[in-house]
Amino acid sequence: MSVILYSARQISLFVFAVLFWFVTVGHAEQNWDWPTNWLVFGPVPPSENMLGGNAPADADLLSGDCFKQIPAELIIGEIPYKARPLRFPGGILDLGEYFGQKSRRPTAYLITAICVATEQSVRLYAGADWWMQWWLNGKPVLGTIPAGNKVGPIAVSNHTCTLELHPGTNILAVAVIGGNSWVLAAGGPRELNIKMPQPSEFQIAFDRAGKKPPAAAREVYRGAAGRAKSDYEKAKA
């Protein structure tokens, strides 16, 4: 029987190759198509617990059982909330602007369907100002209640979890409770580079004058800046 001896350099190269394969191939993150068509329910006023200055509790939210299928309306505190169609291509969603809501700690529920042909695991990334709770097929998968987002600035990369999708239709839902503002950041691996846009000079000037630019212009700016991946692209936006 013959014995083959390898040098320390050859062993090092072999170990490096194995680690490189694991990181880049064996442990590669699966890209997936973020759903763009959602339904939103709200705005739901804060509970008595939150009105008392307390952080939200699980009891302040609907049960995950409400999100095992897509409802036409949600009954919250005997008040019906009809579903509104919402286009959310991932990145930053300003719910305060969407609803025209300025009160503290309102809640909105967003829900969508993810259809896949085979069983697969994908990564969800999300952050919120200031609390959020995610469910997949009625089961909680990611939440920041009661501690809050903790990480700043608000960005898609703030928090993450794995979504175990089964063949067919999967229901993804999230509750977002506002803090100082009312913002959701979410997406898959492709949306990771999207960060909260910083105010432009014209926005700062308007704010200092106690005025606001037209809502349509603000929405265009936020959308363009949210999709920009560099300072140059944001300046062009």
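Residues numbered from 1 in each chain as written. Predicted model: local features only at pLDDT ≥ 70, side-chain atom pairs only at ≥ 80, totals over all residues. Heavy atoms only, no water.

**What about the overall build of the chain?**
Then, in step 1: Summing up its helical and strand segments, the chain has six helices and 10 strands in all.
Then, in step 2: Taking all 237 residues of the chain together, 41% fall into the buried category.
Then, in step 3: Sequence separation of 24 or more characterises 78% of the internal contacts of the chain that already satisfy a separation of 6 or more.
Then, in step 4: As presented, the chain carries roughly 13,800 Å² of accessible surface, and 57% of it is formed by carbon and sulfur atoms. (Helix = DSSP H or I, 4+ residues; strand = E, 2+ residues; numbered from the N terminus. Buried < 20%, exposed > 50% of the residue type's maximum accessible area, 1.4 Å probe, protein only. Contact = heavy atoms within 4.5 Å. Areas by Shrake-Rupley, 256 points an atom, 1.4 Å probe, with all protein chains shown as cover.)

**Remarks on the nonpolar core**
Then, in step 1: In this structure, Leu 110, Trp 134, Leu 163 and Leu 184 are the most contacted members of the largest nonpolar core, which totals 30 residues.
Then, in step 2: Among the elements that line this core, the one with the most residues is strand S7 (residues 120-136), at seven residues.
Then, in step 3: Core analysis: the next-biggest nonpolar cluster, separate from the first, contains 18 residues, Phe 41, Tyr 81, Trp 131 and Ile 177 among them. (Core = buried A, V, L, I, M, F, W, Y, C linked by side-chain atoms within 4.5 Å.)

**Brief notes about the packing of aromatic side chains**
Then, in step 1: Per the stated rule, a full pass over the model turns up nine aromatic pairs.
Then, in step 2: Consider the rings of Trp 34 and Phe 88, whose centres lie 6.1 Å apart with planes at 90°: the pair is edge-to-face. With Trp 34 in the loop between helix H1 (8-26) and strand S1 (37-44) and Phe 88 in the loop between strand S4 (84-87) and strand S5 (91-94), this residue pair connects regions lying 54 residues apart in the sequence.
Then, in step 3: Trp 34 gets classed as buried once you look at its relative accessible area, which sits at 7%.
Then, in step 4: Take Phe 88: its relative accessible area is 1%, and that puts it in the buried class. (Phe/Tyr/Trp six-rings, centres within 6.5 Å; stacked < 30°, edge-to-face > 60°.)

**Section: the pattern of salt bridges**
Then, in step 1: This model, assessed by the stated rule, comprises three salt bridges.
Then, in step 2: Residue Asp 33 is joined to Arg 190 by a salt bridge in which the shortest nitrogen-to-oxygen separation is 3.3 Å. One end of the pair, Asp 33, is in the loop between H1 and S1; the other, Arg 190, is in the loop between strand S10 (168-187) and helix H4 (201-208), and 157 residues separate them in sequence.
Then, in step 3: The partner of Lys 82 in a salt bridge is Glu 73, and the shortest N-O contact between them spans 3.0 Å.
Then, in step 4: The exposed category is assigned to Lys 82, whose relative accessible area is 56%.
Then, in step 5: Exposure remark for Glu 73: the relative accessible area of 31% places this residue in the partly exposed category. (Salt bridge = Lys/Arg side-chain N within 4 Å of Asp/Glu carboxyl O.)

**Examining the environment of Gly 127**
Then, in step 1: Along the polypeptide, Gly 127 turns up in strand S7.
Then, in step 2: Expressed as a C-alpha distance, the spacing of Gly 127 and Gly 148, which sit 21 residues apart in the sequence, is 9.5 Å.
Then, in step 3: For Gly 127, the contacting residues outside a window of four places in its chain are Met 132, Asn 149, Ile 154, Ala 155, Val 156, Asn 158, His 159, Val 183, Leu 184 and Ala 185.

**Quick word on the confidence of the model for the chain**
Fine structural detail should not be taken from predicted coordinates in areas where pLDDT scores are low.
Then, in step 1: In this model, the chain carries an average pLDDT of 78, and 68% of its residues clear a pLDDT of 70 or more.
Then, in step 2: Here residues 198-202 scores under 50 on pLDDT; set against residues more than four positions off or in separate chains, the count is five contacts.
Then, in step 3: Note that residues 227-237 has pLDDT below 50 and, in this model, six contacts with residues that lie over four places away or in other chains. (pLDDT = per-residue confidence, 0-100.)

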